[in-house]
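Observations on the model geometry
Below are the chains, spelled out letter by letter.
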Amino acid sequence: MSIRPVTRVTEAVPTMEGAGVRLRRGFGFGEKNEFDPFLLFDDFRGERPSDYLAGFPWHPHRGIETITYVLAGDVTHQDSLGNTGVLGAGDVQWMTAGSGIMHQEMPKGDAAGRMHGFQLWANLPSSLKMTAPRYQDVKSKDVAEVTDDDGTTVRVIIGEYWGKKGPVDGIAANPQYLDVWVSAGRKKRLAMDTRANAFAYVFQGGGDFRDASEPTGVLTERHADDDNPVRSTAGNRSLVHFGRGDEVVVRAGDEGIRFLLVSGRPIEEPVAWYGPIVMNTREELQTAIHELRNGGFIKGEGQPGGR
Ligand code: CO
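A brief report on the enclosed structure follows. Everything numeric here is computed off the predicted structure, so don't read it as measured data.

Analysis parameters
Residues numbered from 1 in each chain as written. Predicted model: local features only at pLDDT ≥ 70, side-chain atom pairs only at ≥ 80, totals over all residues. Heavy atoms only, no water. Helix = DSSP H or I, 4+ residues; strand = E, 2+ residues; numbered from the N terminus. Expected span 1.5 Å × (residues − 1). Contact = heavy atoms within 4.5 Å. Pairing = 2+ DSSP bridges. Axes fitted to C-alpha atoms, helices over the stretch in contact; angles between N-to-C directions. Salt bridge = Lys/Arg side-chain N within 4 Å of Asp/Glu carboxyl O. Buried < 20%, exposed > 50% of the residue type's maximum accessible area, 1.4 Å probe, protein only. Donors = N, O, S within 2.8 Å, 3.2 Å for Na, K, Ca; no water. Tetrahedral: all angles 85-135°; square planar, octahedral: opposite > 155°, others 65-115°. Phe/Tyr/Trp six-rings, centres within 6.5 Å; stacked < 30°, edge-to-face > 60°.

The next thing to look at is helix 1 (residues 282-294). Relative to the 18 Å expected for 13 residues at 1.5 Å per residue, helix 1 spans 18 Å between its end C-alpha atoms, a close match to the ideal helical length. Looking at the buried side of helix 1, the elements it contacts are strand 23 (272-274) and strand 24 (277-279).

Next up on the list: the sheet that holds strand 5 (residues 56-61). As summarised here, the arrangement of the four strands in space is 5-10-7-8, forming an open sheet in which the pairing is antiparallel. In the strand order of this sheet, the two ends are held by strand 5 and strand 8 (84-87), each with one partner. Taking the axes of each pair of neighbouring strands and ignoring which way they run, one obtains an average angle of 20 degrees across the sheet. Pairing geometry for strand 5 and strand 10 (residues 101-108), over four bridges, is antiparallel. Across the sheet, Phe-56 pairs through a bridge with Glu-105, a residue of strand 10.

Scanning all chains against the criterion turns up 19 salt bridges. Residues Asp-51 and Arg-22 are paired through a salt bridge, measuring 3.7 Å at the closest nitrogen-oxygen approach. Within this pair, whereas Asp-51 is found in the loop between strand 4 (38-46) and strand 5, its partner Arg-22 is found in strand 3 (residues 21-28), the two being separated by 29 residues in sequence. Assessed through its relative accessible area of 9%, Asp-51 is described here as buried. Its salt-bridge partner being Glu-291, residue Lys-299 comes within 2.9 Å of it at the nearest N-O pair. Both residues of the pair, Lys-299 and Glu-291, belong to the buried class. Connected via shared salt-bridge partners are Glu-17, Arg-25 and Asp-42.

Now for the coordination of the cobalt ion. With distances of 2.1 to 2.4 Å, the protein atoms coordinating the cobalt ion are His-59 (NE2), His-61 (NE2), His-103 (NE2) and Glu-105 (OE). Around the cobalt ion sit four donor atoms; with metal-centred angles ranging over 87 to 175 degrees, the donor geometry is irregular. Sequence positions of the donors to the cobalt ion reduce to the motif H-x1-H-x41-H-x1-E. The class for His-61 is buried, based on a relative accessible area of 1%.

Among the five residues that make up strand 21 (residues 238-242), five are buried, leaving the element largely enclosed by the rest of the structure. Pairing analysis gives three bridges linking strand 19 (residues 197-208) to strand 21, with the strands arranged antiparallel. In the strand pairing of strand 21, Phe-199 is matched with His-241.

Here the focus is the environment of Ala-97. Note on placement: Ala-97 falls in the loop between strand 9 (92-96) and strand 10. Remark: the alpha-carbon pair of Ala-97 and Gly-113, spanning 16 residues in sequence, is separated by 30 Å. Here Ala-97 is in contact with His-61, Arg-62, Ile-64, Glu-65, Thr-131 and Pro-133, once residues within four sequence places are set aside.

Further remarks concern the packing of aromatic side chains. The geometry of an aromatic ring pair comes down to the distance between the two centres and the angle between the two planes. For the structure on display, the rule yields 18 aromatic pairs. Taking 6.4 Å as the distance between ring centres and 35 degrees as the angle between the ring planes, the aromatic pair formed by Tyr-69 and Phe-118 counts as tilted. Here Tyr-69, found in strand 6 (residues 64-72), pairs with Phe-118, found in strand 11 (residues 115-123); they are 49 residues apart in sequence, far enough to count as distant. Note on Tyr-69: relative accessible area 0%, which makes it buried. Residue classification places Phe-118 among the buried residues on the basis of a relative accessible area of 0%. On the numbers, 5.3 Å between centres and 80 degrees between planes, the contact of Phe-209 with Phe-259 is edge-to-face. Taken together, the positions of Phe-209 in the loop between strand 19 and strand 20 (233-234) and Phe-259 in strand 22 (residues 247-264) put the pair 50 residues apart, joining distant regions of the chain. On the accessibility criterion, Phe-209 (1% relative accessible area) is buried.

Here we have seven strands laid out as an open sheet, ordered 2-3-4-11-6-9-12, and antiparallel in their pairing. This sheet does not close on itself; its edge strands, each paired only once, are strand 2 (13-17) and strand 12 (134-138). Direction aside, neighbouring strands of the sheet carry axes that sit 20 degrees apart on average. With eight bridges joining them, strand 4 and strand 11 adopt antiparallel strand pairing. Note that in strand 11 the partner of Asp-42 across the bridge is Gln-119.

Right, here's the structure in full:
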């Protein structure tokens, strides 16, 4: 077994998105494709309704999948095909936008005024960019949850873990999306697909993702364009970038640690990006923009330019 080295720890950056939602962006709209097949990761967490109530009103998506995971409050979802639903605490929506949808996502806080959710964008390979839109809405009770002898708990959203299979299926990049809790002071090794790109995002407590066999204070990995040794400790709102290997190791700090562990096999295709529309070429983007302005963006029944 080889442990994935930590190549970098970054903090999610305060960003304004939608109609004025204050959120933190782990990554997104980058030049480099280091998270391929993933394109963007946002943590929308607010204690005050004014941080999030403006929401994400009507906007298009094409060529990608958006994965929404709610921890507190809820998100009302509505789209141009007539689909509608509410995601509550613990619920997941895996939306394959494919050929195109127009939707809105409106967060509402819980009784205490708090909202917390994550949105991840996964790219689709060229062969599936124009596939029919598909929703997989998963209620919290249907998310597989496993607890280890030492109290480590893993919620399996997609992929397989400790013999449990997540409820989301049929996704191109063979992704894994886990919500992991490790109790204070515990050390855990978590197996990973060697061919996948992987990241962790800490949202409670903190810990260390260093290979525990290394002597304390000695860090072997250095970031290519940085003279500072790589920090391997990760607190709240930290994004941990991993190199290659077949497992991730974590040692929880005094408060324990809760993080998302996300991985997927890279698509390795050219990316042409226009906001929520991600295709392979500029021509495909121009077609999408033309269709948005002149009609025909939404494929399928009752729409001009349908399948
Ligand atoms: Co959206």
